[in-house]
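Architecture at a glance
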Amino acid sequence: MRLAVIGVGLIGGSFALALKQAKAVTHVVGVGRNAANLKLALELGIIDSSAPDPATAARGADLILISTPVAQFPAVLASLADAKAIITDGGSTKRDVIAAARKALGKRISQFVPAHPIAGAEKSGAAAASADLFRGKRVVLTPLEENSQQSISKVEEAWKACGANVSRMNAEEHDAVLATVSHLPHLLAFALVHEVARRENSAQLFSFAAGGFRDFTRIASSDPEMWRDICAANRDRLLDELSRFSKKLDRIKALLDDPTGLEKLFAEARAAREQWLRSS
């Protein structure tokens, strides 16, 4: 199988490496905005060749993965309007991606099988790619009515070859769920670091920050462009989550005058987290 990867970063690079490790691909061609990153991807053996644009990369490809920031999807998909291969993606939002695909591909929308690997790290670029990134991790497919079972199966088998556990969900549900457990936490981590950094005694504050602060804010080292696009694309769902969380903060403020109630909240949260970890 010949694979074209549009955006050879953490997700695209890891997808290519995992499929190479599984001997599921014979050639990987990469496309990207950063020439130095593409050169590194070639040196690391992530890709076997590079192309100047998505349309060129798509020629002769059997499968195309779009793994750029989601704001780039409309332009990328428009350039793939004549592609013959199955197209999938690694975008963290699905409603906007599907809308862009419908507009760009028109009657050829059946070629696009949307997906989202729920795996990642705070580092980005080809240097962060790993063949094991998706092993044991969840990948969500949000198939379209127009997709054939053959196309869906091809994408599903590719992700399974990467070691992922594949499940399905509709786009609306996907964006609502991910707003809660992914997009909101990233927003809060960025916000906390930004708040501390802007204070006059920020150097002192950071010097006293230990493991708790480091663990809570690790994801604030993620790619700003990617997370800007995700937050903008899922704005409505994220606003709902911010509203709910704001009410929770108001509740916690009140509990500062009720130590027993505050401890109960902490105990319930700890129990819920431990149950989640046991079942994951």
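Structure: see above.
All values reported here derive from a predicted model rather than from experimental measurement.

The helix and strand inventory of the protein chain stands at twelve helices and nine strands. Principal-axis analysis of the C-alpha atoms gives the protein chain an extent of 65 × 40 × 35 Å. Put simply, the protein chain has 280 residues, and 42% of those count as buried. Taking all contacts inside the protein chain whose residues are at least 6 apart in sequence as the whole, residues at least 24 apart take part in 71%. A total accessible area of about 14,900 Å² is found for the protein chain, and carbon and sulfur atoms account for 54% of it. With 36 positive and 31 negative side-chain charges, the protein chain shows a spacing of 3 Å between the two charge centroids.

On to the sheet that holds strand β1 (residues 2–6), then. Here we have six strands laid out as an open sheet, ordered β3-β2-β1-β4-β5-β6, and parallel in their pairing. Each end of this open sheet is capped by a strand with a single partner; those strands are β3 (49–50) and β6 (112–113). Taken together, the two bridges between strand β2 (residues 27–31) and β3 define a ladder with parallel strand orientation. Across the sheet, V29 pairs through a bridge with S49, a residue of β3. Contacts from helix α1 (residues 10–21) reach β1, β2 and β4 (63–66) within the one sheet, and its direction differs from that of β1 by about 165°.

Here the focus is the sheet that holds strand β7 (residues 115–118). If you walk across this open sheet you meet the three strands as β7-β8-β9, and the pairing is mixed. Here the strands that pair on one side only, and so sit at the sheet edges, are β7 and β9 (165–168). Strand-to-strand twist across the sheet, computed as the mean angle between neighbouring axes with direction ignored, equals 25°. Across four bridges, strand β8 (residues 138–141) lies against β9 in parallel orientation. Within the sheet, the bridge partner assigned to V139 lies in β9 and is V166. Helix α6 (residues 149–161) rests against β7, β8 and β9 of the sheet, and its axis sits at about 145° to β9.

What follows is about the packing of helix α7 (residues 171–197) against helix α11 (residues 235–255). It is the contact of α7 with α11, at a shortest axis distance of 9 Å, that shows an interaxial angle of 55°. On the basis of the axis angle, α7 is oblique to α11. With respect to the hand of their crossing, α7 and α11 are arranged in right-handed fashion. Contacts between α7 and α11 involve E172, D175, A176, A179, T180, H183, L184, L187 and L188 on the former and, on the latter, R237, L238, E241, L242 and F245. When grouped by side-chain class, the residues that make up the contact of α7 with α11 number eight nonpolar, two polar and four charged.

Summarising the element assignment, S151 is placed in helix α6. Side-chain polar atoms of S151 contact the side chain of S148, separated by 3.0 Å. Contacts of S151, omitting those with residues within four sequence positions, involve I86, S110 and V113.

Okay, the pattern of salt bridges next. Counting across every chain of the model gives 16 salt bridges. Put simply, E156 and K160 hold a salt bridge, and the shortest N to O gap is 3.4 Å. Note that E156 and K160 are positioned in helix α6 at a spacing of four residues, about one turn of the helix. When its relative accessible area of 14% is taken as the criterion, E156 is described as buried. R228 is the salt-bridge partner of D229, the closest N and O atoms lying 2.9 Å from each other. The buried category is assigned to D229, whose relative accessible area is 6%. By relative accessible area, which is 51% here, R228 ends up exposed.

Conventions we followed
Residues numbered from 1 in each chain as written. Predicted model: local features only at pLDDT ≥ 70, side-chain atom pairs only at ≥ 80, totals over all residues. Heavy atoms only, no water. Helix = DSSP H or I, 4+ residues; strand = E, 2+ residues; numbered from the N terminus. Buried < 20%, exposed > 50% of the residue type's maximum accessible area, 1.4 Å probe, protein only. Contact = heavy atoms within 4.5 Å. Areas by Shrake-Rupley, 256 points an atom, 1.4 Å probe, with all protein chains shown as cover. Lys, Arg positive; Asp, Glu negative; His and termini not counted. Charge placed at Lys NZ, Arg CZ, Asp CG, Glu CD. Pairing = 2+ DSSP bridges. Axes fitted to C-alpha atoms, helices over the stretch in contact; angles between N-to-C directions. Parallel < 35°, antiparallel > 145°, perpendicular 65-115°, else oblique. Left-handed = near helix turned anticlockwise from the far one by under 90°. Nonpolar A, V, L, I, M, F, W, Y, C, P; charged D, E, K, R; others polar. Polar contact = N/O pair within 3.5 Å; in protein donor to acceptor, adjacent residues only side chain to side chain. Salt bridge = Lys/Arg side-chain N within 4 Å of Asp/Glu carboxyl O.

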